[in-house]
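Remarks on the overall topology
Spelled out, the chains give:
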Amino acid sequence: MMTLEPLSKAEAARYMGVRDVPDEAVRALLDRYEPIVRGRLRPAYVYREAAVSFDAEGVHIAGMNAVLTGKDIRRHLDGCGRAVLLAATVSAEADKLIRQTAVTDMAAALAVDCLCSTAVEQVCDRAEEEIFSEVQAPFRTWRFSPGYGDLPISLQRDFLLALNAQRRIGLTVTDSSLLVPSKSVTAIIGISDQPPTSQTERGCASCNMRGRCAFSENGGCARKR
(Lines give C-alpha, C1' and ligand atoms only; values in the text may rest on other atoms or scores of the structure.)
Protein backbone atom coordinates (compact mmCIF):
# COMPACT_ATOMS: atom_id res chain seq x y z
CA MET A 1 0.00 0.00 0.00
CA MET A 2 1.20 3.50 -0.83
CA THR A 3 2.24 5.67 2.11
CA LEU A 4 1.60 9.38 1.84
CA GLU A 5 4.53 11.75 1.91
CA PRO A 6 4.20 15.11 3.73
CA LEU A 7 1.36 17.05 2.13
CA SER A 8 1.91 20.45 0.55
CA LYS A 9 0.41 22.96 2.95
CA ALA A 10 0.82 25.69 0.36
CA GLU A 11 -1.37 23.70 -2.06
CA ALA A 12 -3.91 22.98 0.67
CA ALA A 13 -4.03 26.71 1.48
CA ARG A 14 -4.78 27.44 -2.18
CA TYR A 15 -7.67 24.99 -2.05
CA MET A 16 -8.87 26.92 1.01
CA GLY A 17 -8.98 30.06 -1.13
CA VAL A 18 -5.82 31.71 0.21
CA ARG A 19 -4.41 33.89 -2.53
CA ASP A 20 -1.07 34.85 -1.01
CA VAL A 21 0.78 33.80 2.14
CA PRO A 22 -1.49 31.99 4.64
CA ASP A 23 -2.08 33.87 7.86
CA GLU A 24 -1.21 32.48 11.27
CA ALA A 25 -4.64 30.93 11.85
CA VAL A 26 -4.57 29.01 8.55
CA ARG A 27 -0.99 27.86 9.12
CA ALA A 28 -1.92 26.64 12.59
CA LEU A 29 -4.83 24.60 11.23
CA LEU A 30 -2.74 23.04 8.48
CA ASP A 31 0.14 22.30 10.86
CA ARG A 32 -2.22 20.63 13.28
CA TYR A 33 -4.21 18.52 10.85
CA GLU A 34 -1.64 17.57 8.20
CA PRO A 35 -0.17 14.68 10.25
CA ILE A 36 -3.67 13.59 11.30
CA VAL A 37 -4.81 13.44 7.68
CA ARG A 38 -1.74 11.50 6.60
CA GLY A 39 -2.22 9.07 9.44
CA ARG A 40 -5.87 8.36 8.66
CA LEU A 41 -5.95 8.09 4.87
CA ARG A 42 -5.44 4.81 3.02
CA PRO A 43 -4.37 5.70 -0.54
CA ALA A 44 -4.75 3.19 -3.34
CA TYR A 45 -4.95 3.12 -7.12
CA VAL A 46 -5.57 0.75 -10.00
CA TYR A 47 -4.76 1.10 -13.67
CA ARG A 48 -4.99 -0.71 -16.96
CA GLU A 49 -3.25 -0.16 -20.28
CA ALA A 50 -5.53 -0.40 -23.32
CA ALA A 51 -5.55 0.16 -27.06
CA VAL A 52 -7.15 3.35 -28.42
CA SER A 53 -9.02 3.69 -31.71
CA PHE A 54 -11.15 6.37 -33.33
CA ASP A 55 -14.22 6.44 -35.54
CA ALA A 56 -17.19 8.68 -36.25
CA GLU A 57 -18.82 7.74 -32.94
CA GLY A 58 -15.87 8.87 -30.84
CA VAL A 59 -12.89 7.33 -29.05
CA HIS A 60 -12.90 3.60 -28.30
CA ILE A 61 -10.88 2.16 -25.43
CA ALA A 62 -10.31 -1.60 -25.55
CA GLY A 63 -12.19 -3.28 -22.72
CA MET A 64 -14.54 -0.35 -22.13
CA ASN A 65 -18.09 -0.71 -23.41
CA ALA A 66 -18.83 3.01 -23.60
CA VAL A 67 -17.49 5.31 -26.30
CA LEU A 68 -15.68 8.46 -25.19
CA THR A 69 -17.53 11.28 -26.89
CA GLY A 70 -16.76 14.94 -27.42
CA LYS A 71 -14.22 16.92 -29.38
CA ASP A 72 -11.97 17.58 -26.36
CA ILE A 73 -11.10 13.95 -25.61
CA ARG A 74 -10.63 13.23 -29.33
CA ARG A 75 -8.21 16.14 -29.56
CA HIS A 76 -6.55 15.16 -26.30
CA LEU A 77 -5.85 11.60 -27.49
CA ASP A 78 -5.03 12.52 -31.09
CA GLY A 79 -2.12 10.40 -32.25
CA CYS A 80 -2.34 8.03 -29.28
CA GLY A 81 -2.53 4.31 -30.01
CA ARG A 82 -2.60 3.35 -26.35
CA ALA A 83 -3.82 4.81 -23.09
CA VAL A 84 -3.72 4.13 -19.38
CA LEU A 85 -6.98 4.18 -17.44
CA LEU A 86 -6.42 5.22 -13.84
CA ALA A 87 -8.58 5.29 -10.71
CA ALA A 88 -7.19 6.55 -7.41
CA THR A 89 -8.61 7.21 -3.95
CA VAL A 90 -7.48 8.14 -0.45
CA SER A 91 -10.27 5.94 1.02
CA ALA A 92 -13.51 6.57 2.88
CA GLU A 93 -11.41 7.69 5.85
CA ALA A 94 -11.20 11.12 4.22
CA ASP A 95 -14.98 11.59 4.22
CA LYS A 96 -15.22 10.27 7.79
CA LEU A 97 -12.53 12.62 9.04
CA ILE A 98 -14.11 15.65 7.34
CA ARG A 99 -17.51 14.83 8.88
CA GLN A 100 -16.07 14.23 12.33
CA THR A 101 -14.13 17.49 12.30
CA ALA A 102 -17.13 19.47 11.06
CA VAL A 103 -19.14 18.53 14.16
CA THR A 104 -17.08 20.88 16.34
CA ASP A 105 -15.07 23.16 14.03
CA MET A 106 -16.04 24.13 10.49
CA ALA A 107 -12.77 25.98 9.85
CA ALA A 108 -10.83 22.86 10.81
CA ALA A 109 -13.12 20.77 8.61
CA LEU A 110 -12.27 23.01 5.65
CA ALA A 111 -8.57 22.56 6.34
CA VAL A 112 -9.02 18.78 6.54
CA ASP A 113 -11.06 18.76 3.33
CA CYS A 114 -8.36 20.70 1.47
CA LEU A 115 -5.57 18.55 2.86
CA CYS A 116 -7.47 15.48 1.63
CA SER A 117 -7.76 17.06 -1.83
CA THR A 118 -4.02 17.69 -1.77
CA ALA A 119 -3.49 14.07 -0.77
CA VAL A 120 -5.45 12.63 -3.70
CA GLU A 121 -3.47 14.79 -6.12
CA GLN A 122 -0.26 13.46 -4.58
CA VAL A 123 -1.53 9.90 -5.00
CA CYS A 124 -2.32 10.52 -8.68
CA ASP A 125 1.10 12.07 -9.32
CA ARG A 126 2.91 9.22 -7.60
CA ALA A 127 0.73 6.63 -9.32
CA GLU A 128 1.72 8.12 -12.67
CA GLU A 129 5.39 7.90 -11.75
CA GLU A 130 5.04 4.24 -10.75
CA ILE A 131 2.92 3.29 -13.75
CA PHE A 132 5.26 4.83 -16.29
CA SER A 133 8.29 3.27 -14.70
CA GLU A 134 6.76 0.01 -15.99
CA VAL A 135 4.71 1.06 -19.02
CA GLN A 136 6.70 2.25 -22.03
CA ALA A 137 5.51 5.69 -23.06
CA PRO A 138 7.75 7.70 -25.40
CA PHE A 139 5.22 10.55 -25.06
CA ARG A 140 2.15 10.86 -22.91
CA THR A 141 -0.67 13.29 -22.25
CA TRP A 142 -1.71 14.68 -18.91
CA ARG A 143 -4.57 13.13 -16.93
CA PHE A 144 -7.98 13.83 -18.47
CA SER A 145 -11.03 12.99 -16.36
CA PRO A 146 -14.74 12.55 -17.07
CA GLY A 147 -16.32 15.96 -16.64
CA TYR A 148 -13.37 17.84 -18.16
CA GLY A 149 -14.28 19.81 -21.25
CA ASP A 150 -17.14 18.11 -23.09
CA LEU A 151 -16.30 14.57 -21.93
CA PRO A 152 -19.47 13.49 -20.07
CA ILE A 153 -19.08 12.98 -16.34
CA SER A 154 -21.57 10.12 -16.68
CA LEU A 155 -18.66 8.03 -17.98
CA GLN A 156 -17.37 7.64 -14.42
CA ARG A 157 -19.26 4.35 -14.05
CA ASP A 158 -17.75 2.96 -17.25
CA PHE A 159 -14.24 3.86 -16.08
CA LEU A 160 -14.81 2.01 -12.79
CA LEU A 161 -16.26 -1.03 -14.55
CA ALA A 162 -13.32 -1.22 -16.96
CA LEU A 163 -10.93 -1.15 -14.00
CA ASN A 164 -13.01 -3.35 -11.66
CA ALA A 165 -12.35 -0.52 -9.22
CA GLN A 166 -15.14 -1.36 -6.78
CA ARG A 167 -13.67 -4.74 -5.96
CA ARG A 168 -10.04 -3.69 -6.18
CA ILE A 169 -10.04 -0.38 -4.26
CA GLY A 170 -13.62 0.07 -3.02
CA LEU A 171 -14.44 2.89 -5.43
CA THR A 172 -18.07 3.32 -6.52
CA VAL A 173 -20.20 5.98 -8.19
CA THR A 174 -23.61 7.49 -7.39
CA ASP A 175 -26.54 7.86 -9.80
CA SER A 176 -25.44 11.49 -10.28
CA SER A 177 -21.92 10.34 -11.29
CA LEU A 178 -20.17 11.41 -8.08
CA LEU A 179 -17.35 9.18 -6.92
CA VAL A 180 -17.56 7.49 -3.52
CA PRO A 181 -15.30 7.97 -1.57
CA SER A 182 -15.42 11.59 -2.65
CA LYS A 183 -11.65 12.17 -2.56
CA SER A 184 -11.07 10.02 -5.61
CA VAL A 185 -10.14 10.49 -9.26
CA THR A 186 -10.61 8.66 -12.53
CA ALA A 187 -8.57 9.66 -15.56
CA ILE A 188 -7.18 8.60 -18.90
CA ILE A 189 -3.60 9.24 -20.02
CA GLY A 190 -2.82 8.90 -23.70
CA ILE A 191 0.40 7.28 -24.95
CA SER A 192 1.97 7.94 -28.34
CA ASP A 193 5.22 7.38 -30.19
CA GLN A 194 5.31 10.96 -31.45
CA PRO A 195 5.05 14.33 -29.66
CA PRO A 196 1.40 15.40 -29.36
CA THR A 197 0.27 17.96 -31.92
CA SER A 198 -3.13 18.99 -30.61
CA GLN A 199 -3.38 18.00 -26.95
CA THR A 200 -5.94 20.00 -25.00
CA GLU A 201 -4.60 22.74 -22.80
CA ARG A 202 -4.41 21.81 -19.15
CA GLY A 203 -6.20 24.14 -16.80
CA CYS A 204 -9.39 26.21 -16.67
CA ALA A 205 -10.26 25.86 -20.36
CA SER A 206 -10.85 22.11 -20.03
CA CYS A 207 -12.29 22.04 -16.51
CA ASN A 208 -15.90 21.19 -15.71
CA MET A 209 -15.80 23.90 -12.99
CA ARG A 210 -15.02 26.60 -15.57
CA GLY A 211 -16.85 29.81 -14.66
CA ARG A 212 -17.84 28.56 -11.20
CA CYS A 213 -14.46 28.25 -9.50
CA ALA A 214 -12.79 30.60 -7.04
CA PHE A 215 -9.35 29.65 -8.37
CA SER A 216 -10.09 30.95 -11.86
CA GLU A 217 -11.54 34.12 -10.36
CA ASN A 218 -8.28 34.60 -8.46
CA GLY A 219 -6.16 34.02 -11.55
CA GLY A 220 -4.92 30.54 -10.68
CA CYS A 221 -5.96 26.94 -11.01
CA ALA A 222 -5.54 24.17 -8.48
CA ARG A 223 -5.78 21.54 -11.23
CA LYS A 224 -3.06 23.00 -13.43
CA ARG A 225 0.05 20.94 -12.80
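The structure presented is a predicted model; accordingly, all values stated were derived computationally and were not measured. (Residues numbered from 1 in each chain as written. Predicted model: local features only at pLDDT ≥ 70, side-chain atom pairs only at ≥ 80, totals over all residues. Heavy atoms only, no water.)

**Here's the deal with the overall build of the chain**
In terms of helices and strands, the chain carries eight helices and seven strands. When the 225 residues of the chain are sorted by exposure, 48% land in the buried category. When contacts within the chain are restricted to residue pairs at least 6 apart in sequence, those whose partners lie at least 24 apart make up 75%. As displayed, the chain offers around 11100 Å² of accessible surface, 50% of which is attributable to carbon and sulfur atoms. (Helix = DSSP H or I, 4+ residues; strand = E, 2+ residues; numbered from the N terminus. Buried < 20%, exposed > 50% of the residue type's maximum accessible area, 1.4 Å probe, protein only. Contact = heavy atoms within 4.5 Å. Areas by Shrake-Rupley, 256 points an atom, 1.4 Å probe, with all protein chains shown as cover.)

**A closer look at the confidence of the model for the chain**
Chain-level pLDDT for the chain is 90 on average; 87% of the residues reach the 70-or-more range. Below pLDDT 50 for its whole length, residues 208-214 participates in six contacts with residues either more than four positions away or in separate chains. (pLDDT = per-residue confidence, 0-100.)

**Quick word on the sheet that holds strand β4 (residues 139-140)**
On the basis of which strands lie adjacent, the open sheet formed by five strands has the order β2-β1-β3-β7-β4 and antiparallel pairing. Of all strands in the sheet, those with a lone pairing partner are β2 (59-61) and β4, marking the two edges. By the bridge criterion, eight bridges tie strand β3 (residues 82-89) to strand β7 (residues 184-192) in an arrangement that is antiparallel. Paired with L86 across the bridge in β7 is A187. Contacting β1 (44-54), β3, β4 and β7, helix α5 (residues 106-131) crosses the sheet at an angle of about 145 degrees to β3. Running at roughly 100 degrees to β3, helix α6 (residues 156-163) makes contact with β1, β3 and β7 of the sheet. (Pairing = 2+ DSSP bridges. Axes fitted to C-alpha atoms, helices over the stretch in contact; angles between N-to-C directions.)

**Focus on the nonpolar core**
L30, V37, L41, V90, V112, L115 and C116 are the most contacted members of the largest nonpolar core, which totals 30 residues. Put simply, the parts of the chain that give this core at least two residues each are α1 (9-15), α2 (24-40), α4 (93-102), α5 and β7. By residue number, the principal contributor to this core is α5, which donates 10 residues. (Core = buried A, V, L, I, M, F, W, Y, C linked by side-chain atoms within 4.5 Å.)

**Some points on the pattern of salt bridges**
Evaluated as defined, the whole model comprises 13 salt bridges. Residue D31 pairs with K9 through a salt bridge whose shortest N-O separation is 2.7 Å. One end of the pair, D31, is in helix α2; the other, K9, is in helix α1, with 22 residues separating them in the sequence. By relative accessible area, D31 is classed as partly exposed at 44%. According to the relative accessible area criterion, K9 is partly exposed, its value standing at 32%. In this structure, E128 engages R140 in a salt bridge whose closest nitrogen and oxygen atoms are separated by 3.2 Å. (Salt bridge = Lys/Arg side-chain N within 4 Å of Asp/Glu carboxyl O.)

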